[in-house]
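Single-letter residue listing:
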Amino acid sequence: MSKKKEIDDRFKRFGTVSFTSVTKVNDFIDQLDQGKVMGNRCVECGMVFFPPRADCYKCLASNMEWFEIKGTGKLVTYSKLKFAPVGFEDDLPYSIAVVDFGDCKIFGRIASDIPDEDVQIGMAMKTAANKLPSGQLNYVFTKA
Amino acid sequence: MDRVAIIGVGQSAFVRGYPGSIRELAFEGFKEALEDAKISVSDIGASIVCSAPEYDKQRSPSGVFAEYLGLTPQPTFYLESLCSSTSMGLRMAYSLVKSGLHDVVAVLGFQKMSEISSAESQERMGRGADIQWESPFGTMMPAYYAMFAKAHMEKYGTTLEDMALVRVKSATYGQVNEKALFRKPVALESFSDPEHFMSGPVSSPLRVGDCCANADGSSCLIVASEEKARSFSQKPVWILGLGAASASVNMSGRDIFTGLAVARQAGEQAYKMAGIEPKDVDVAEVHDCFTISEILAYEDLGFAEPGEGKDLIKGKETYREGSIPVNVDGGLLSKGHPIGATGGSQIRTIVLELRGEAGEMQVKDPKIGLVHNIGGVGLYGTVSILGRE
Ligand SMILES: [Zn+2]
């Protein structure tokens, strides 16, 4: 009897509903589980990537190293949703945003405990790993 | 003798709950275009079928349409770039004709969206964004464009009222476009009335009235070589310039949120190819999937300086009698937005305007028209410039 081949589907844990399960950057999920939000960098040419990726389009190498997103970025823009796509209704209301960290920009959600009146374009924010009640993982932007 | 013309245009009415299948829907736009061009199905050398996938049970609709419309055994294929599918289809038809491979090509756009709920539709359209890294956060088209609205308001002082004025203009012309889904006037006050559905929040700062609606519809363009255009058509409309561009799908890869880079790039290419400047455009159709999108388009296309798009709408310069009439057919906001059919409908309006056949939507004696059609959240952008003799 041959053993069934194990499928590395860790990415299905990303976000409220993940639409991807298998990717070469699945280690992102373990790192998120350990509280770290990671981007990666091409070892050959130094290109920095967020979201992280397996392959560098600049030099065509597939040799990447992880780095942790640290420090503070600036809120570029955001929107608060009052209506959600199927599967996200229970999360409402929530805000999506883009934060600029200089080396890279990151798309994600604003932490739900920040009052609306405190959210301003240009404000300093950090990125934090976040565990959802369902056990799924994502990351959120918090006040710096 | 190597110009390329549009010799026939057609579209179905844009509706909710079209009472027929997608092949029957496609027939409506096709029939109108063929009758407009005064050609028969055997004159068509190839067909390009355009839509956004995910809405249909049918895989590979081009084969089904070719059979139903009598377009076999000519080659047919499917092309998609989300909401800009048909104008990308025009680009492909142009190249097929220009290369000499075919002398008459049909571009068929369609979408039947109303069989699924609005929330399901948002989920499907949301998957036109980055499904690996963005969709798990619960994204949808209005929320993405809302981020552009927020950034534009912050940087340039554009207001909710400026955006509402775009919808008011749209409704002015939706009333006279018999193909439009929404044919009622919209009062500016409805946006400040909390009881009115127009003011209902969708994704801040966008309200219900700022968003276009799903619809079912089809459109068709007949594209021909100069020789065929001369023999078939009394009023060919010439393709003077075509531009197209793409951008990072993930918002993290975008440099600007106060405009769409793809529209600027596609516009520059199209103006250069046509040898004209923004001030030479007499009538335009822009992709107003949201009210803010039309204001961004004014600026991205050079009708206004960055940040000054709001002044065009406030000064009614984009009304039919203004200096640069925009979306005088009601735009996506009033016509509805059957994704794959939208670009063809925009092009149809400009062709009718240039031929002087736009009826109550007619602007005075236009010579050059422009179509701006965007796929996704500024993911794909096309600008097409058309002109008469
Ligand atoms: Zn590299």
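Residues numbered from 1 in each chain as written. Chains lettered and ligands numbered in written order. Predicted model: local features only at pLDDT ≥ 70, side-chain atom pairs only at ≥ 80, totals over all residues. Heavy atoms only, no water.

> Hey, could you run me through the overall build of chain B in this one?
What chain B contains, in helices and strands, is 12 helices and 11 strands. With respect to the principal axes defined by its C-alpha atoms, chain B has extents near 55 × 45 × 40 Å. Restricting to contacts in chain B with at least 6 residues of sequence separation, those with at least 24 account for 77%. For chain B, the exposed surface amounts to about 13,500 Å²; the carbon and sulfur share of it is 51%. The average position of the 37 basic charges and that of the 49 acidic charges among the side chains of chain B differ by 2 Å. (Helix = DSSP H or I, 4+ residues; strand = E, 2+ residues; numbered from the N terminus. Contact = heavy atoms within 4.5 Å. Areas by Shrake-Rupley, 256 points an atom, 1.4 Å probe, with all protein chains shown as cover. Lys, Arg positive; Asp, Glu negative; His and termini not counted. Charge placed at Lys NZ, Arg CZ, Asp CG, Glu CD.)

> Even after reading the chapter, I still don't get the coordination of the zinc ion, so can you show me in this structure?
Four donors placed tetrahedrally about a metal ideally form angles of 109.5 degrees, and six donors placed octahedrally ideally form angles of 90 or 180 degrees. All names here are of chain A. Taken together, Cys-42 (SG), Cys-45 (SG), Cys-56 (SG) and Cys-59 (SG) make up the full set of protein donors to the zinc ion, lying 2.3 Å away. Taken together, the four donor atoms coordinating the zinc ion and their angles of 100 to 118° define a geometry best described as tetrahedral. All donors of the zinc ion come from a single chain, and their spacing in sequence reads C-x2-C-x10-C-x2-C. For Cys-56, a relative accessible area of 2% corresponds to the buried category. (Donors = N, O, S within 2.8 Å, 3.2 Å for Na, K, Ca; no water. Tetrahedral: all angles 85-135°; square planar, octahedral: opposite > 155°, others 65-115°. Buried < 20%, exposed > 50% of the residue type's maximum accessible area, 1.4 Å probe, protein only.)

> Looking at this structure, how should I read the packing of aromatic side chains?
Between two aromatic rings, the relevant description is the distance of the centres plus the angle of the planes. Applying the stated rule across the entire model yields 21 aromatic pairs over all chains. Between A:Phe14 and B:Trp133 the ring centres are 5.6 Å apart and the planes differ by 65°, which places this aromatic pair in the edge-to-face class. Residue A:Phe14 is located in the segment before α1 (27–33), and its partner B:Trp133 is located in the loop between α4 (118–126) and α5 (141–156); the two belong to separate chains. Among the residues examined, B:Trp133 registers a relative accessible area of 5% and is labelled buried. The residue whose ring lies beneath B:Arg3 is B:Trp238, and the NZ or CZ to ring-centre distance is 3.9 Å. (Phe/Tyr/Trp six-rings, centres within 6.5 Å; stacked < 30°, edge-to-face > 60°. Lys NZ or Arg CZ within 6 Å of the ring centre and 35° of its normal.)

> Just to check I follow, could you spell out the interface of chain B and chain A for this structure?
Interfaces are often described in size by the accessible area the parts lose on coming together. Between chain B and chain A, the contact holds 34 residues from the first and 38 residues from the second. When chain B packs against chain A, the two sides together hide about 3,000 Å² of surface, and 70% of this comes from carbon and sulfur. Three residues, B:Trp133, B:Pro136 and B:Phe137, lead the burial of chain B against chain A; their summed loss comes to 27% of the area buried on that side. The tally of links from chain B across to chain A stands at one salt bridge. The partner of A:Lys105 in a salt bridge is B:Asp255, and the shortest N-O contact between them spans 3.8 Å. Taken together, the links from chain B to chain A amount to 13 residue pairs in polar contact (both at pLDDT 80 or more). Per element, the largest residue contribution to the side of chain B that touches chain A is seven residues, and it comes from α5(B). Partitioned by chemical class, the residues of the side of chain B that touches chain A number 15 nonpolar, 10 polar and nine charged. (Buried area = accessible area lost by both parts, 1.4 Å probe. Salt bridge = Lys/Arg side-chain N within 4 Å of Asp/Glu carboxyl O. Polar contact = N/O pair within 3.5 Å; in protein donor to acceptor, adjacent residues only side chain to side chain. Nonpolar A, V, L, I, M, F, W, Y, C, P; charged D, E, K, R; others polar.)

> Even after reading the chapter, I still don't get the sheet that holds strand β3 (residues 64–68) of chain A, so can you show me in this structure?
Whenever strands of a sheet pair, they do so through backbone hydrogen bonds, lying parallel or antiparallel. Residues and elements named next belong to chain A. The three strands are arranged β2-β1-β3 in an open sheet whose pairing can be described as antiparallel. Edge positions in the sheet fall to β2 (48–49) and β3, since each of these pairs with one other strand and no more. Of the pairings in the sheet, the one linking strand β1 (residues 38–42) to β3 comprises five bridges and is antiparallel in character. Counted as the bridge partner of Cys-42 is Met-64 from β3. (Pairing = 2+ DSSP bridges.)

> It is not clear to me how the nonpolar core should be interpreted in this structure. Could you clarify?
What tends to happen in soluble globular proteins is that the nonpolar side chains get buried as a cluster. Counting residues in each nonpolar core, the largest one holds 135 residues, and the members touching the most others are A:Tyr139 and B:Phe303. Residue contributions to this core peak at 10 residues, all from α5(B). In terms of nonpolar packing, the next biggest core, distinct from the first, is built from 25 residues, B:Ile7, B:Phe30, B:Val64 and B:Ile222 among them. (Core = buried A, V, L, I, M, F, W, Y, C linked by side-chain atoms within 4.5 Å.)

> Would you mind showing me how to read the pairing of strand β5 (residues 94–100) of chain A here?
Here is the key point about a regular strand: its side chains alternate between the two faces of the sheet. Residues and elements named next belong to chain A. Extensive coverage of β5 is indicated by the burial of six of its seven residues. Bridge count between strand β4 (residues 73–81) and β5: seven bridges; the pairing is antiparallel. Looking at β5, one finds that Lys-74 is bridged to Asp-100. Direction of pairing for β5 relative to strand β6 (residues 105–110): antiparallel, over a ladder of five bridges.

> Could you clarify how one ought to interpret helix α3 (residues 85–98) of chain B in this entry?
Within an α-helix, residues lying three or four positions from one another point in the same direction, as the helix has 3.6 residues per turn. All names here are of chain B. Taking 1.5 Å of rise per residue, 14 residues should cover 20 Å, and α3 covers 20 Å from first to last C-alpha, within 8% of that figure. In terms of residue burial, α3 counts as a mostly covered element, since 10 of its 14 residues are buried. Residues of α3 that are buried include every one of Ser-85, Thr-86, Ser-87, Met-88, Gly-89, Leu-90, Ala-93, Tyr-94, Leu-96 and Val-97, and no others. Just past α3, the residue Gly-100 takes up positive phi, approximately 90°. (Expected span 1.5 Å × (residues − 1).)

> Where do I start with the environment of B:Tyr144 in this structure?
Within the element layout of this structure, B:Tyr144 appears in helix α5. Residue B:Tyr144 is classed as buried on the basis of its relative accessible area of 0%. Sequence separation between B:Tyr144 and B:Thr258 is 114 residues, and the spatial gap between their C-alpha atoms is 12 Å. Those residues in contact with B:Tyr144 that lie beyond four places of it in its chain are A:Ile96, A:Phe107, B:Ala129, B:Glu134, B:Thr139, B:Met251 and B:Val377.

> I would appreciate a short explanation of the side chain of B:Ser87 in the present structure.
Examined against the element boundaries, B:Ser87 turns out to sit in helix α3. The exposure class of B:Ser87 is buried, given its relative accessible area of 1%.

> Can you walk me through unusual backbone geometry in this structure?
Excluding glycine, residues mostly have negative phi values, and the peptide bonds linking residues are mostly trans. Omega for the bond connecting A:Leu92 with A:Pro93 falls within 30 degrees of zero, at -15°, which places this linkage in the cis form. Inspection of the secondary structure puts A:Pro93 in the loop between β4 and β5. Going from B:Ser204 to B:Pro205, the amide bond is cis rather than trans, its omega being 5°. Tracing the sequence through the fold places B:Pro205 in the loop between β5 (201–203) and β6 (206–207). Even without being glycine, B:Ser60 reaches a positive phi, approximately 50°. Locating B:Ser60 in the fold gives a position in the loop between β2 (46–50) and α2 (61–69). Even without a glycine there, the phi angle at B:Lys316 is positive, about 60°.

> I tried to follow the packing of helix α1 (residues 22–37) of chain B against α2(B) on my own but got confused; where do I start?
Each pair of packed helices gets described by two things: the angle between the helix axes and the distance between those axes. Residue and element names in this part refer to chain B. Between α1 and α2, the least distance of the axes is 10 Å, while the angle of their chain directions is 60°. One way to sum up the angle between α1 and α2 is to call them oblique. Where α1 crosses over α2, the two elements pack in a sense that is right-handed. Contact residues: α1 offers Ile-22, Arg-23, Glu-24, Ala-26, Phe-27 and Phe-30, while α2 offers Pro-61, Val-64, Phe-65, Glu-67, Tyr-68 and Leu-69. Within the contact of α1 with α2, the residues separate by chemical class into nine nonpolar, no polar and three charged. (Axes fitted to C-alpha atoms, helices over the stretch in contact; angles between N-to-C directions. Parallel < 35°, antiparallel > 145°, perpendicular 65-115°, else oblique. Left-handed = near helix turned anticlockwise from the far one by under 90°.)

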